[in-house]
2 protein chains.
Amino acid sequence: MKGIRKLIAVLTLATAALTTSWASAQPDPLPGWNDGKSKAAILAFVRKVTLERGPDFVPPAERIATFDNDGTLWAEKPIYFQAQFALDEIRSQAAATPALKSKEPFRTVLAGDLKALMADGNRGLGLVLARTHSGMTTEAFSRSVAEWLETARHPQTKRRYTEMVYQPQLELLAYLRANGFKTFIVSGGGVEFMRVFADKAYGIPPEQVVGSSGVVKFRLGKDGKPELIKEAKVEFVDDGPGKPVGINRFIGRRPIFAFGNSDGDLQMLQYTVGGSGPRMALIVHHTDAEREWAYDRKSEVGKLDKALDEAAARGWTIVDMKNDWKTVFPPPP
Amino acid sequence: MKGIRKLIAVLTLATAALTTSWASAQPDPLPGWNDGKSKAAILAFVRKVTLERGPDFVPPAERIATFDNDGTLWAEKPIYFQAQFALDEIRSQAAATPALKSKEPFRTVLAGDLKALMADGNRGLGLVLARTHSGMTTEAFSRSVAEWLETARHPQTKRRYTEMVYQPQLELLAYLRANGFKTFIVSGGGVEFMRVFADKAYGIPPEQVVGSSGVVKFRLGKDGKPELIKEAKVEFVDDGPGKPVGINRFIGRRPIFAFGNSDGDLQMLQYTVGGSGPRMALIVHHTDAEREWAYDRKSEVGKLDKALDEAAARGWTIVDMKNDWKTVFPPPP
């Protein structure tokens with residue numbers, strides 16, 4: 001008996017050693033993440049929901065993962081990039097139409113006085129957004145975003161905005177998809193703005209982008225050509241309690257995995273973990289003043305206050321950018 | 001020279017013969033369709049957009065196909081099946097809450113007097129829809145639809161409603177998907193109603209269903225449980241000019257292939273063929289009083305008048321149910 005027991009023990013150890021060496025021989029799917037609690041939690045979650053016949057197995061069709069965009073997939077400082085697009089568009093328009101220069105709020109924009117622009121309860125900003133986001137076809141708008149993304153550079157890093165995406169998140173998106181997840185953006189940003197770059201930047205096709213939108217009208221234009229015209233009227237705000245509403249409207253299933261970075265993501269995270277079965281909620285905590293920015297409870301852009309408390313209280317995964325991410329932005333192309 | 005020419009001719013004929021015999025050896029992907037112009041046009045379209053290096057090649061990501069539901073994927077007579085669901089729900093509610101029986105418009109519903117119900121400019125129908133489609137969570141609504149689909153039977157065929165889908169269209173959906181298309185429903189029907197059965201009935205997952213919707217609100221219910229509540233307020237009507245708007249909002253790309261059956265599909269078809277590159281627009285013409293129903297210009301449900309004229313004028317494919325479809329409904333399970 002002793003001999004058999006010993007044999008079993010040896011075989012078990014040998015198997016364990018083989019398993020370990022096999023696992024460590026696999027390439028790391030998240031090389032931009034430091035080894036630590038956050039990375040381990042992600043790997044463990046994906047392992048358990050994909051383990052066939054395991055108690056936490058989730059069929060591929062239900063592996064819905066939703067990501068906020070600003071501050072979660074790409075940076076959002078000093079101001080939301082879409083707001084920067086609007087301001088830059090006003091500058092181009094003023095160059096073509098000088099009469100604009102003496103008109104408010106455009107004069108304030110051209111003077112670079114963002115504080116004054118924001119001071120009037122968003123009226124000025126609303127006019128800027130209306131002028132740059134409506135009164136054109138959806139296709140003309142997409143072209144203007146694409147052109148801007150080609151030419152604009154971030155004021156501090158001097159990089160293209162589409163290079164200000166987070167390398168660890170690109171790896172995470174790819175890792176999830178390789179494990180049968182369907183990845184969606186669920187963002188307060190404009191849906192037609194994000195769709196221009198989401199496929200190339202993140203591998204997320206237009207039909208998997210959920211965002212805020214303005215009213216769009218169909219008409220037959222010149223020569224009976226069908227057109228969709230963007231109007232200066234808000235239709236849907238995909239932020240805060242709007243996020244679970246947007247998820248229900250566009251996706252029609254509750255995610256099992258959601259990643260945000262601000263109070264605007266709180267309800268999406270609550271909704272995600274509120275379902276039955278395995279669930280994972282994550283928050284990017286911007287703690288890295290050196291490689292990115294450090295901000296949370298008092299930031300005007302990307303305020304993280306209530307969601308930070310709730311994450312701590314409920315044991316959600318708080319990703320500490322400084323400690324959890326080996327790299328922040330991808331290397332220059 | 002003559003010898004070589006002859007040789008080439010013989011080789012060409014031999015190749016042609018081989019190609020033909022190879023093609024005829026392939027199983028027919030659309031056995032429910034009779035050979036004829038409509039089937040040939042579909043096969044030719046799919047062949048040309050999938051032919052790599054061909055002049056009409058479309059990359060898989062852009063192979064978006066949209067289908068109307070009522071009258072295009074399943075039947076819509078004697079009334080829209082979703083309206084039948086609402087009427088049946090009122091009957092179940094009246095059984096549980098007898099006070100309802102003496103209240104209008106429910107008394108009219110229970111008397112089966114549809115004409116009277118419709119006569120007041122949709123006010124009565126609106127109340128019926130509100131009572132059966134709001135004041136509950138999205139999940140409770142889905143459950144009530146699922147239960148109804150289990151138990152309800154079509155008044156004439158006595159079949160389940162999910163068996164009143166069109167066999168030729170199931171084949172077409174599968175054929176398109178096998179050729180790299182992403183298939184969507186774009187219907188005036190309620191999005192939350194259709195999502196309950198679209199995956200099982202058509203292989204179309206919830207996130208690929210576009211439809212009309214009511215306002216939904218997020219709240220934290222009892223014990224802080226997150227819930228989505230359906231309100232009695234129309235949010236979006238995905239019909240007529242709303243269809244291209246819905247396509248833009250949910251899909252964010254213009255389809256290259258669209259299939260409808262009524263004037264409510266006209267703008268979707270116009271929008272589809274209005275893009276550049278190869279496009280295909282199709283209409284089911286209900287011409288089969290024996291196996292299904294025959295109706296078009298004067299029908300209250302599924303009126304096909306303007307779109308029939310435009311289809312003829314622009315050379316869209318008009319699918320004549322009687323002549324083009326070998327079978328209509330799938331065989332009983």
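For the structure itself, consult the block above.
Residues numbered from 1 in each chain as written. Chains lettered and ligands numbered in written order. Predicted model: local features only at pLDDT ≥ 70, side-chain atom pairs only at ≥ 80, totals over all residues. Heavy atoms only, no water.

Peer 1: Let's hear about the overall build of chain A: which residues, and what values?
Peer 2: Counting secondary structure elements, chain A contains 14 helices and 8 strands. For chain A, the spread of C-alpha atoms along the three principal axes comes to 95 × 45 × 40 Å. Among the 333 residues that make up chain A, the fraction classed as buried is 53%. For chain A, restricting intrachain contacts to residue pairs at least 6 apart in sequence, the fraction spanning at least 24 positions comes to 65%. Between the mean site of the 45 positive side-chain charges and the mean site of the 39 negative ones, chain A shows a separation of 3 Å. (Helix = DSSP H or I, 4+ residues; strand = E, 2+ residues; numbered from the N terminus. Buried < 20%, exposed > 50% of the residue type's maximum accessible area, 1.4 Å probe, protein only. Contact = heavy atoms within 4.5 Å. Lys, Arg positive; Asp, Glu negative; His and termini not counted. Charge placed at Lys NZ, Arg CZ, Asp CG, Glu CD.)

Peer 1: Break down the sheet that holds strand β4 (residues 209-220) of chain B for me, with residues and values.
Peer 2: Residues and elements named next belong to chain B. Here 8 strands make up an open sheet; going across it, the order is β2-β5-β4-β3-β1-β6-β7-β8 and the pairing mixed. Looking at strand neighbours, the two that pair on one side only are β2 (136-137) and β8 (317-320), the edges of this open sheet. When strand β7 (residues 280-285) meets β8, the two strands line up parallel, connected through 4 bridges. Bridging from a neighbouring strand, Val284 pairs with Val319 of β8. Running at roughly 165 degrees to strand β1 (residues 64-67), helix α8 (residues 167-178) makes contact with β1, β3 (182-190), β6 (257-260) and β7 of the sheet. (Pairing = 2+ DSSP bridges. Axes fitted to C-alpha atoms, helices over the stretch in contact; angles between N-to-C directions.)

Peer 1: I'd love a proper account of unusual backbone geometry, names of residues and values included.
Peer 2: All names here are of chain A. Across the junction of Glu104 and Pro105, the peptide omega takes the value 0 degrees, indicating a cis bond. With a phi close to 60 degrees, Asp223 is a non-glycine residue in the positive phi region. Considering the arrangement of structural elements, one finds Asp223 in the loop between β4 (209-220) and β5 (226-236).

Peer 1: So, helix α6 (residues 123-133) of chain A: which residues are in play, and what are the values?
Peer 2: All names here are of chain A. Burial in α6 covers these residues: Gly124, Leu125, Val128, Thr132 and His133. Looking down the long axis of α6, one finds its buried residues gathered within 140 degrees of arc, a one-sided arrangement. Along its buried surface, α6 packs onto α3 (81-96), α4 (106-110), α5 (114-119), β2 (136-137), α7 (138-151) and β5. Where α6 ends, the next residue or the one after it, Gly135, has phi of about 75 degrees, a positive value. (Arc of directions from axis to C-beta.)

Peer 1: Now, about the relation of the copies chain B and chain A: what can you tell me, with residues and values included?
Peer 2: Here chain B sits on chain A after a turn of 180 degrees about the axis and a move of 0.0 Å along it, with an RMSD of 0.0 Å. What the superposition gives is, in effect, a two-fold axis relating one chain to the other. Identified as the residue of chain B closest to the rotation axis by C-alpha distance is Phe250(B), at 3.2 Å. Taken together, the interface assignments show that 100% of the residues at the interface of chain B recur at the interface of chain A, consistent with an identical surface on both copies. (Least-squares fit on C-alpha atoms with pLDDT ≥ 70 in both.)

Peer 1: Tell me what's going on with helix α13 (residues 306-314) of chain A, and back it up with residues and numbers.
Peer 2: All names here are of chain A. Considered for burial, the residues of α13 that qualify are Ala307, Leu308, Glu310 and Ala311. All buried residues of α13 lie within an arc of 165 degrees about the axis, which places them on one face of the element. Summarising the geometry of α13, the exposed residues directed more than 90 degrees from the buried face are Lys306, Ala312 and Ala313. Against α12 (266-273), β7 (280-285) and β8 (317-320) lie the buried residues of α13. Where α13 ends, the next residue or the one after it, Gly315, has phi of about 75 degrees, a positive value.

Peer 1: Can you lay out the interface of chain B and chain A for me, pointing to particular residues and giving the numbers?
Peer 2: Tallying the contact residues gives 33 residues for chain B and 33 residues for chain A. In this assembly, chain B packs against chain A so that about 3,000 Å² is buried in total across both faces, 51% of it on carbon and sulfur atoms. Summed over the three residues of chain B that lose the most area to chain A, namely Glu207(B), Phe218(B) and Arg249(B), the buried surface amounts to 22% of that side. Taken together, the connections running from chain B to chain A amount to 8 salt bridges. Between Arg254(A) and Glu139(B) there is a salt bridge, and its shortest N-O distance comes to 3.0 Å. When residues of the side of chain B that touches chain A are traced back to their parent elements, those giving at least two are α7 (138-151), β3, β4, β5 (226-236), α11 (242-251) and α12 (266-273) of chain B. (Buried area = accessible area lost by both parts, 1.4 Å probe. Salt bridge = Lys/Arg side-chain N within 4 Å of Asp/Glu carboxyl O.)

Peer 1: Outline the pattern of salt bridges, listing residues and values.
Peer 2: Considering all chains together, one arrives at 40 salt bridges over all chains under this definition. Salt-bridge contacts for Glu207(B) lead to Lys182(A); the nearest nitrogen and oxygen are separated by 2.9 Å. Taken together, the positions of Glu207(B) in the loop between α10 (198-202) and β4 and Lys182(A) in strand β3 (residues 182-190) put the pair across two chains. For Glu207(B), a relative accessible area of 10% gives the class buried. Under the relative-accessibility criterion, Lys182(A) is labelled partly exposed at 21%.

Peer 1: Got a sec to walk through the packing of helix α2 (residues 37-50) of chain A against helix α8 (residues 167-178) of chain A? Specific residues and values, please.
Peer 2: Residue and element names in this part refer to chain A. At a closest axis distance of 11 Å, the pairing of α2 and α8 adopts a crossing angle of 15 degrees. Considering their axes alone, α2 and α8 lie roughly parallel with respect to each other. For the crossing formed where α2 meets α8, the hand is right-handed. Across the interface between the two elements, Ile42, Leu43 and Val46 of α2 pack against Leu172, Tyr175 and Leu176 of α8. For the contact of α2 with α8, the per-class residue count stands at 6 nonpolar, no polar and no charged. (Parallel < 35°, antiparallel > 145°, perpendicular 65-115°, else oblique. Left-handed = near helix turned anticlockwise from the far one by under 90°. Nonpolar A, V, L, I, M, F, W, Y, C, P; charged D, E, K, R; others polar.)

Peer 1: Give me the packing of aromatic side chains: which residues, what numbers.
Peer 2: The final tally for this structure, using the stated rule, is 37 aromatic pairs over all chains. When the ring of Trp33(B) is compared with that of Trp325(B), the centres are 5.9 Å apart and the planes differ by 75 degrees; the resulting orientation is edge-to-face. Of the two residues, Trp33(B) sits in the loop between α1 (2-25) and α2 (37-50) while Trp325(B) sits in the segment after α14 (321-324), which places them 292 residues apart along the sequence. Overall, Trp33(B) belongs to the buried group, its relative accessible area being 0%. Of the residues examined, Trp325(B) reaches a relative accessible area of 1% and is grouped as buried. Cluster of aromatic residues (ring-pair linked, three or more members): Trp74(A), Phe81(A), Phe85(A), Phe141(A), Trp148(A), Tyr161(A), Phe193(A), Phe197(A) and Tyr202(A). (Phe/Tyr/Trp six-rings, centres within 6.5 Å; stacked < 30°, edge-to-face > 60°.)

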